[in-house]
Amino acid sequence: MPNLDYLLTRPQLFLVLETLEGGSICLLCLSNLISNPRSPTVHVSYALSQLSQAISQAPFLHDLLIYHPHFLVSPLVDALSSFDDEPIARQVTDLVSQLSNIADDSVYGEFLDRIASRLSSSTLAWSCRQVYTLHCLGILLSHQKYDPYHHISDKEAFIFNLVAVFFILAENSEEIRGEIFFVLYKTSMLQYAKEDNDTIDPLFPYSPKLLHLSLEALMKTESDDVRLNCLALLIVLAQRGSFENACKHNMNSEVFCQDDNFKQTTDQVIDGPPLNFLFAEAIKGPLLSSDSEVQVRTLDLIFLYLSRDGSSGNEKALVEENIADYVFEILRLSGCKDPIVTSCLQVLDLLSKAEHAFRQRLAIGFATLFPVLYYVAGVPFHPVQAPTLKLIWKCFSHCPGIVSTSHLEEISFTVSGMLRKYTNGEIGMLPETFSMACSILVAIMKFPSSPGISNFTTAVQEASKHAILICTSNHGKYPILFMHSLYLLKEAYAYSCQKDSTGSIQMELRNCILSVCKTNLLPWFVKVVNEMEEDIVFGVLETCHLILLQDSYIHAVEFANILVTLSWFCFSFGCLGLFPTERMKWIVYQIFSSILDILLGNEFGKPIRDAALHLPSDPTDFLFLLGQKSSNNLELLSCQSAVLLVLYTSSLYDDWFADEKLVLASVEQYILVNSGEFLYEAVDSVPMELLINLYSLYRGLAKMSYQIPYSPEAERIMFHLINENKWDLSSARIHFKSMKWLFQQEKICKPLSCQILKLCQCFYLYGNPILMHESSGKNIDIRTIAELAASEDNFVATLLVYVLKELVEEDDQKPVIISVLGTIAMIINIFPAAADQLCLHGISTAIQSLFYHFGHSSPEMFMVVSRLTFGILHSVHSVSLSEDKAWLAITMKGPALIDHEEGTKTGEILLFVLVLHFFSVRSMPAVLPGMVDWLCFLDQANGLPPFSFISICCKDLCRLIHFGSSPIKLVASYCLLELLTRISKQQTEKSDQLTCSTKWLLSITAVLEGLVFCSDINVALNCSFSLSMILGWDKLDIELRAKQGKNWCRLIVEELAISLAVPSLASKSFMIHHKPAVHVVVALLKLQKDSDWLHSVFDDSCIGGIIKNLSASNVSSEIVLLFKELLNAGYLKDEHIASLSRVFQACRKFWYTNDSQGAKEEHMEKVMAIPEDTAIACQFLMKIISSQTCLDKDSRDCTLKAIDC
């Protein structure tokens, strides 16, 4: 008998394991109890509960797994199939699952193999034990820790029995049906995960019948758990191609018999519904389930069913079975939550293939798509963005009547918002989504009601811009997107150009598209064209052509200019080099022809369109055509015309697509081989002007490089054509270099003089009608001619003078002469340097001749010649005039203001106009109080008076005061004083600000300062009053004030101080000539009280000398005013004040005791209202002006009033 203590220390030799409670479990006894079907269930259940409790104890579990890990496997499997008691089955299942989790792989494998074997060897009769066994097997198959399929020894027998159980027992119980579905599902998943290409699928022979029965079971069951297991099996079968297999074998033929030998097949036909009908009926129940997981799994099954190969036509069957309505309803109730939204949209996308049958369902469910669209639009890379948009697009296409304007508005802004967010990086987007977004917007544009959609064009603008930005930033990743963005861009531009779409909104859309092309599309396209495929390049070119062909001329011109600024001709030939195909060549030359039509005139590009199919792709071959003789070959003649037009147009924009030397040689060869036709005017395919401009351009370029040879014979032929044929330089655009070279050729000066005359008439009569190429600015406008005239290296200035002299010698040419003179004046105004060139070539002789011929007989001619003369004298350098005696005669003989003293008619009229102006200014405040802006008279560049009355600005009055005769000076000074008085008053009352420049005020003050010493005391006083007012303006510029101490103002102050302080000088006209200067000094003292230079002039000795020279008889109101301001400025000391008091007291006594002021004698003569003697009338009016101003009054009252104040 063995030692008991030894056995207790060696539990592996004894099948009794102790528990923590002090008890023990005999594994052998336990095994015998639970594996015996006759054991009482109470005892079995108790034993299993004790075992479960002991396993939870670490020492017990440790000993069990170390010494007896496989001992309980067989008893537990026997217990599972021995009792029909559900609690016992649940306990066994829990123990099997628990031990499988905590034991090693071998224990788990043995459990799985024994249960599978038990199922394989059991009889095909339904019992609860089958359900329990299947359930436990399903749990073991679901373990993620081990590889279940590896532990099944006889896999084929196992699968065969599972299928057999399913075929025979599935109808008996809902419960066993669910368990079988789950086990089959897990087994299939494990089998498919392990098999390779050479492994035969064990389920393949049974899949048709298995599929058929599974669908029938799904149709009949109402349990969501069974549905989930069944759906899981069907999904796996669908993934493995069982539906295709079922269709190939035809479910109504070759089915398996359900006899004793299950493996044998028979030709017996089993009656049953078609697979597609059975499928539709089977999925209706799960689609109506309240369990969202069941719905999602069902939708996934539908998706797999419709996605399989050979499923064409099944969509229609499902739609006719109302499956689409089920899905729309699920989508409506989904609350826009995933994954159900994704599954629904994927299925609807496949069902939509049954277009005709699906249309009615789509129309009904269309409203359901709106909340879904909003949801998926905000989720980056949502998988059903594209299907959602596709369904909406199909509704637009097939059911447009159900779409309202509000729907279109919501969709358009949602879709454009998706593109904007994609550009900004807020969301992602799949290529299919992008393409559908573009298609949606295009479809909305085609709706008749689209013009009524609020802010729709704004959405299109935004979408078009962002679509291009998306493509330019993701071109390498998604090149196909480019075609869709171009499609949207083209349709958007066509939409903006519809005849019934007028107004600012459509104009904004066009401008936006052109801006996108200019800023984003074309610059990027030019850079990366080498990396693109031909289809994309062709698409971009086609888009450009479409925009050029639209009937919006202004925008077509703008777009054409955008293209040519990108060197479009050179770029296009580069595209032909990359893709030398016929369609590429066709689109390139079509764009060329459209550009010419738009920029140069209608039908100008027709020769290119006609010859497009015959023109080569290579630029060298393109130029080679010019060297062929074309007199008898109409096709070649058409090609040569196209080549010349392309060369001419590209050269206007400095777009050199071929070497300059090669182009010049080709053009010269064209001239040489066709010289006979040229001489006999047989070639009329292109305008003569075009050939002249093109040839002269490349000759000009050759002259600049000094290395390109030219053909003297070709030059001779061209000069002959220019001299002998009629041509118009202004009829075609011309490059500046071409223009310059032509005017450098002395041999064609005669025809060029005729062209100059035409241009002068055009410029003067019509302004500047010849539109210019702004990019290079090198066409015939007045500025181009002016630039050439100012240069020494051409004959423009010479020809202008020549044309003018020729016209002077002819009769009845006054209008033409005036146009030439006006053009020359404009030239000098643009480029003053042109005056030197004109003088150098003898324009003075022509001007002198004009004065002799016309004199004063033509006021219009007089004004034009005078303006030109003044313009030349103002701009020319003195060196250019010093040796030309004609200018002396012009300046001496030309009409001047001094002619008034000689009794000329011009002077008399001017004097009366000035008098009328004075009274007009005096009366206007009374006639129209507060209605005149007097600041306009200060500088008429800032505007004219709002009423039509005689108005002469201050600038012109200053000129008349300075240059005019004595009467002119006098009346003009009165007028200027009156105007400045009104301006000062307006500033004070309305606080208006001066708008004239500092230079403007300096020019006025310069004239007034010089006339303070005028011999005419009235003129001097008027100017001094005017200057004093200007100096007193508050807003006078600091720069102007700073100059007062450095110019004539200081001279005036110093002269006054000397005349008043020096005894020897004070006696000369003392009472008269100090008056004007005093007013200026007073104004300066008010303006600059702390000026150092004024202190240096009016020092103590100067002030003392002035006071000493004063007497009671020579004190005037001006003297009193001067000393008052000196006192206010702090220049007088106490002794000066005391001396002045004595002088003023004596003056007051003198005037009171010697009152000799008599009444003034009235000198005014009465005249008739319309005097016959205009001189008497003028004198009378001037006396009225002098009397009303009170400038020459210096009575006792004025002096005494000044002293008392």
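Throughout, residues of each chain are indexed from 1 in the direction in which the sequence is written. Confidence filtering applies because this is a predicted model: local features only for residues at pLDDT of at least 70, side-chain atom pairs given and counted only at 80 or more, and all residues used for totals across whole chains, interfaces and linings. As a rule here, side-chain values cover all heavy atoms of the structure and leave hydrogens and water aside.

This paragraph deals with the overall build of the chain. Secondary structure elements are defined from DSSP: runs of H or I of at least 4 residues count as helices, runs of E of at least 2 residues count as strands, and each element is numbered from the N terminus. Scanning the chain from N- to C-terminus turns up 63 helices and two strands. Among the 1205 residues that make up the chain, the fraction classed as buried is 53%. For the chain, the share of sequence-separated contacts (at least 6 apart) that also reach a separation of at least 24 residues comes to 74%. Of the accessible surface of the chain, which amounts to about 55100 Å², a share of 54% is contributed by carbon and sulfur atoms. Relative accessibility decides the category of a residue: with a 1.4 Å probe and only protein chains considered, values under 20% of the type maximum give buried, values over 50% give exposed, and everything between is partly exposed. Residues are treated as being in contact if the distance between any of their heavy atoms lies within 4.5 Å. Accessible surface is estimated by sampling points in the Shrake-Rupley manner with a 1.4 Å probe; for residues, cover comes only from the protein chains shown.

In this section: empty space enclosed by the protein. Throughout, the protein atoms alone are placed on a 1 Å grid, and a set of points is a cavity if a 1.4 Å probe fits but cannot get out or a pocket if it is open with protein on both sides within 12 Å along at least five of seven lines; lining residues have an atom within 4 Å of a point. Grid points are joined across faces, edges and corners, and a volume is the space filled by probe spheres set on the points. Per the counting criterion, the structure on display carries six cavities of 30 Å³ or more. When its volume is computed, the largest cavity comes out at roughly 50 Å³. Leu64, Leu65, His68, Pro69, Leu72, Leu99, Ala103 and Val107 together form the lining of the largest cavity.

Moving on, we get to a nonpolar patch on the surface. A cluster of nonpolar residues, Phe1013, Trp1048 and Leu1051, forms a patch on the protein surface that exposes about 270 Å² of accessible area. Mapped onto the fold, Phe1013 is located in the loop between α52 (998–1010) and α53 (1017–1031). Exposure above 30% relative accessible area and the lack of any salt bridge qualify a residue for a patch; like charges then connect within 9 Å, and the nonpolar side chains Val, Leu, Ile, Met, Phe, Trp and Tyr within 5 Å. Salt bridges are counted wherever a side-chain nitrogen of Lys or Arg sits within 4 Å of a carboxyl oxygen of Asp or Glu.

Given a rise of 1.5 Å per residue, 19 residues ought to cover 27 Å, and the 27 Å separating the end C-alpha atoms of helix α33 (residues 634–652) matches this to within 8%. In terms of burial, α33 is a largely internal element, 15 of the 19 residues being buried. Whenever two N or O atoms come within 3.5 Å, that pair is a polar contact, provided that in protein one can donate a hydrogen and the other can accept it, and provided that, for residues adjacent in sequence, both atoms are side-chain atoms. Residue Asn633 occupies the N-cap position of α33, its side-chain oxygen lying 3.2 Å from the main-chain nitrogen of Glu635. With its phi angle positive at about 55°, Asp654 sits one or two positions after the end of α33. What a helix should span is 1.5 Å times the count of its residues minus one.

Once that is clear, we can look at the nonpolar core. In this text, buried Ala, Val, Leu, Ile, Met, Phe, Trp, Tyr and Cys residues form a nonpolar core when linked through side-chain atoms within 4.5 Å. Ile302, Phe396, Ile411, Phe559, Trp568, Ile843 and Ile872 are the most contacted members of the largest nonpolar core, which totals 245 residues. Each residue touching Phe396, except ones within four places of it in the same chain, is listed here: Phe366, Val403, Leu408, Ile411, Ile440, Ala443, Ile444 and Phe447. If you look at the next biggest cluster of nonpolar residues, it comprises 86 residues, including Leu960, Ile1103, Leu1110 and Tyr1131.

Take the pattern of salt bridges next. For the structure shown, the criterion picks out 21 salt bridges. Residues Asp349 and Lys390 are paired through a salt bridge, measuring 3.5 Å at the closest nitrogen-oxygen approach. In this pair, Asp349 sits in helix α18 (residues 340–351) while Lys390 sits in helix α21 (residues 385–398), placing the two residues 41 residues apart along the sequence. Where Asp597 meets Arg609, a salt bridge forms, and the shortest distance between an N and an O atom there is 2.5 Å. Remark: Arg609 occurs in helix α31 (residues 606–611) and Asp597 occurs in helix α30 (residues 582–600); sequence separation between them is twelve residues. A residue is classified by how much of its surface remains accessible, and Asp597, at 15% relative accessible area, is buried. Through salt bridges with shared partners, a single network forms among Glu281, Lys284 and Glu321.

Let us look at the side chain of Glu978. Looking at the secondary structure, you find Glu978 in helix α51 (residues 966–990). Under the relative-accessibility criterion, Glu978 is labelled buried at 10%. Among the polar contacts made by the side chain of Glu978, one reaches the side chain of Arg982 at a distance of 2.8 Å. Those residues in contact with Glu978, other than ones at most four positions away along the chain, are Phe918, Val921 and Arg922.

The predictor attaches a confidence to each residue, and that confidence, scored 0 to 100, is pLDDT. Put simply, the chain has an average pLDDT of 78, and 76% of its residues get 70 or more. At the low end of the mean pLDDT range in the chain sits helix α1 (residues 4–9), at 42; at the high end sits helix α29 (residues 568–578), at 93. Under a pLDDT of 50 for its full length, residues 251–271 has, in the predicted model, 29 contacts with residues more than four places off or in other chains.

This paragraph deals with the environment of Phe937. Mapped onto the fold, Phe937 is located in helix α49 (residues 935–938). Separated by 39 residues in sequence, Phe937 and Leu976 place their C-alpha atoms 9.8 Å apart.

Here the focus is the packing of helix α5 (residues 73–80) against helix α6 (residues 86–102). Axes here mean lines fitted to C-alpha atoms, for a helix over just the part in contact, with angles spanning 0 to 180 degrees between N-to-C directions. As a packed pair, α5 and α6 sit with axes 9 Å apart at the nearest point and diverge in direction by 150°. When the axes of α5 and α6 are compared, the pair comes out roughly antiparallel. Considering how the two elements wind past one another, α5 and α6 form a crossing that is left-handed. Along its contact with α5, which presents Leu76, Ala79 and Leu80, the element α6 presents Ala89, Val92, Thr93, Leu95, Val96 and Leu99. The class makeup of the residues in the contact of α5 with α6 is eight nonpolar, one polar and no charged. The labels follow the angle: roughly parallel below 35 degrees, roughly antiparallel above 145, roughly perpendicular from 65 to 115, and oblique for the rest. Two helices that cross are described as forming a left-handed crossing if the nearer one is turned anticlockwise from the farther one by less than a right angle, and a right-handed crossing if clockwise. Gly is placed with the polar residues, together with every amino acid not listed as nonpolar (Ala, Val, Leu, Ile, Met, Phe, Trp, Tyr, Cys and Pro) or charged (Asp, Glu, Lys and Arg).

A separate point is a negative patch on the surface. Asp and Glu are treated as the negative residues and Lys and Arg as the positive ones, with His and the ends of the chain left uncounted. We put the charge of a Lys on NZ, of an Arg on CZ, of an Asp on CG and of a Glu on CD. Taken together, the side chains of Glu806, Glu809, Glu810, Asp811 and Asp812 present a region of like negative charge at the surface. Looking at where Glu809 falls in the secondary structure, it is placed in helix α41 (residues 796–809). When its relative accessible area of 64% is taken as the criterion, Glu809 is described as exposed.

This part takes up the packing of α18 against α21. At their nearest, the axes of α18 and α21 sit 9 Å apart, and the two run at 45° to each other. Between α18 and α21, the interaxial angle falls into the category oblique. Our pair here, α18 against α21, has a crossing hand that is left-handed. Of the residues in α21, those touching α18 at Leu345, Leu348 and Asp349 are Pro387, Thr388, Lys390 and Leu391.

Cis rather than trans, the peptide bond between Asp338 and Pro339 has omega equal to 10°. When you line up the elements, Pro339 lands in the loop between α17 (323–333) and α18. Positive phi values are uncommon outside glycine, yet Asp654 reaches one of about 55°. Along the chain, the position of Asp654 falls in the loop between α33 and α34 (660–673). In this structure Asp654 comes out as partly exposed when scored by relative accessible area, which is 33%.

Structurally, Val1080 is set in helix α57 (residues 1070–1087). Using a relative accessible area of 0% as the deciding quantity, one classes Val1080 as buried. Measuring from C-alpha to C-alpha, the distance between Val1080 and Leu1021 comes to 9.8 Å, with 59 residues separating the pair along the chain.

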